[in-house]
Amino acid sequence: MKLNERSLVCYATCDSPADNAGFLSKKGERNTAYHRRWFVLKGNMLFYFEERESREPVGVIILEGCTVELCEAAEEFAFAIKFDCAKARTYVLAAESQAAMESWVKSLSRASFDYMRLVVKELEKQLEEMQRGLAGSRSVQRRSPIYRKTKSALCVNPTSPALGLPPPRERAAAPPCTPLKENGCAVWNNAPCVDTLPAGDGPGGLAESGSGKPPPLPPRRRTSSGNTCGTGALLADSPVCPGTVCFSKLHDWYGREITELRREWLESQESHKL
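Summary of the structure given here.

1. Some remarks on the overall build of the protein chain
Here's step 1: When its secondary structure is counted, the protein chain shows seven helices and nine strands.
Here's step 2: Carbon and sulfur atoms form 55% of the exposed surface of the protein chain, whose accessible area is close to 22700 Å².

2. Regarding the layout of surface pockets
Here's step 1: Within this model, the second largest pocket holds a volume of roughly 210 Å³.
Here's step 2: Along the walls of the second largest pocket sit 13 residues, with Ala-12, Thr-13, Trp-38, Val-40 and Arg-52 positioned nearest its centre.
Here's step 3: Residue contributions to the lining of the second largest pocket peak at three residues, all from strand β2 (residues 34-42).
Here's step 4: When its residues are assigned to classes, the lining of the second largest pocket shows seven nonpolar, two polar and four charged.

3. Some thoughts on the pattern of salt bridges
Here's step 1: Inspection of the entire model under this criterion finds six salt bridges.
Here's step 2: Its salt-bridge partner being Glu-260, residue Arg-263 comes within 2.1 Å of it at the nearest N-O pair. Remark: Glu-260 and Arg-263 occur in helix α7 (residues 247-273); sequence separation between them is three residues, near one turn of the helix.
Here's step 3: We classify Glu-260 as partly exposed; its relative accessible area is 35%.
Here's step 4: When the shortest N-O distance is used, the salt bridge between Glu-267 and Arg-263 registers 2.8 Å.

4. Describing the pairing of strand β3 (residues 45-49)
Here's step 1: Most of β3 is tucked away: five of the five residues are buried.
Here's step 2: Covered by surrounding structure in β3 are Met-45, Phe-47 and Phe-49 together with Leu-46 and Tyr-48, the residues of both alternating faces.
Here's step 3: Bridge count for β2 against β3 is five bridges, and the pairing is antiparallel. Across the sheet, the residue bridging to Leu-41 is Leu-46, located in β3.
Here's step 4: If you look at the hairpin formed by β2 and β3, you'll find two residues sitting between the two strands, and Gly-43 has a positive phi there, around 65 degrees.

5. Examining helix α1 (residues 5-13)
Here's step 1: Buried within α1 are the following residues: Leu-8, Val-9 and Ala-12. The arc that holds every buried residue of α1, seen down its axis, measures 100 degrees, which confines them to one face.
Here's step 2: Packed against the buried residues of α1 are β2, β3 and β4 (59-62).

Rules and cut-offs
- Residues numbered from 1 in each chain as written.
- Predicted model: local features only at pLDDT ≥ 70, side-chain atom pairs only at ≥ 80, totals over all residues.
- Heavy atoms only, no water.
- Helix = DSSP H or I, 4+ residues; strand = E, 2+ residues; numbered from the N terminus.
- Areas by Shrake-Rupley, 256 points an atom, 1.4 Å probe, with all protein chains shown as cover.
- 1 Å grid on protein atoms, 1.4 Å probe; cavity = no way out; pocket = protein on both sides within 12 Å on 5 of 7 lines; lining within 4 Å.
- Points joined across faces, edges and corners; volume = space filled by probe spheres on them.
- Nonpolar A, V, L, I, M, F, W, Y, C, P; charged D, E, K, R; others polar.
- Salt bridge = Lys/Arg side-chain N within 4 Å of Asp/Glu carboxyl O.
- Buried < 20%, exposed > 50% of the residue type's maximum accessible area, 1.4 Å probe, protein only.
- Pairing = 2+ DSSP bridges.
- Arc of directions from axis to C-beta.
- Contact = heavy atoms within 4.5 Å.

Below is the structure:
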């Protein structure tokens, strides 16, 4: 794999944020001694410098097709970067503390594109499951029946014990209105009942007097003592009597007075002739 040295130097020393950075002890390939170097991890590239202020990196490790695991070494907190190829070099590094070693092992294990590819696949799988579940919930909501409030549900019974309201007061029933009677017979004018008239409009100033009694009834008409004809005779001679339905009887009844006047006139005429 060909790499552009200037591009690598520019990428290693630019101001882009690093995934991890710190001092590590690196075991030499020919000289097995450990040398302290400044390491900077950016993406899948692990750069190492002689000093922290160095302008160019000494070397770079491409973290593809490799595994990071702990190993036994002369230095404490050591770990190794191993590649799958048989002729590939194994890099042995040592951190300054247990926490630094765990941080480097974790960050280096997640630096390769293979790991990123697995993460992306897992995220895509989770996204598909979420979308499938969301679509299923929407279909269930569409199929679920819609409950609507009926008129019976909207109507509230005021006497229901669940409302906790006192029962409505019962209005006292008004006494039945009886028509005024005169000697046991109803009055002919069929006047309205006293309790249905407005205040102040009652007969005889009922509202003004403050008494609940109706005004006294007028005396019943009586026939004169000099009239020799009884009630039966009047009814018999009356044109409205049931016996005078015939027209001839009505004619005779209305013509009595004329006949009597004619008779008196004829008698006066005969007396004048004499």
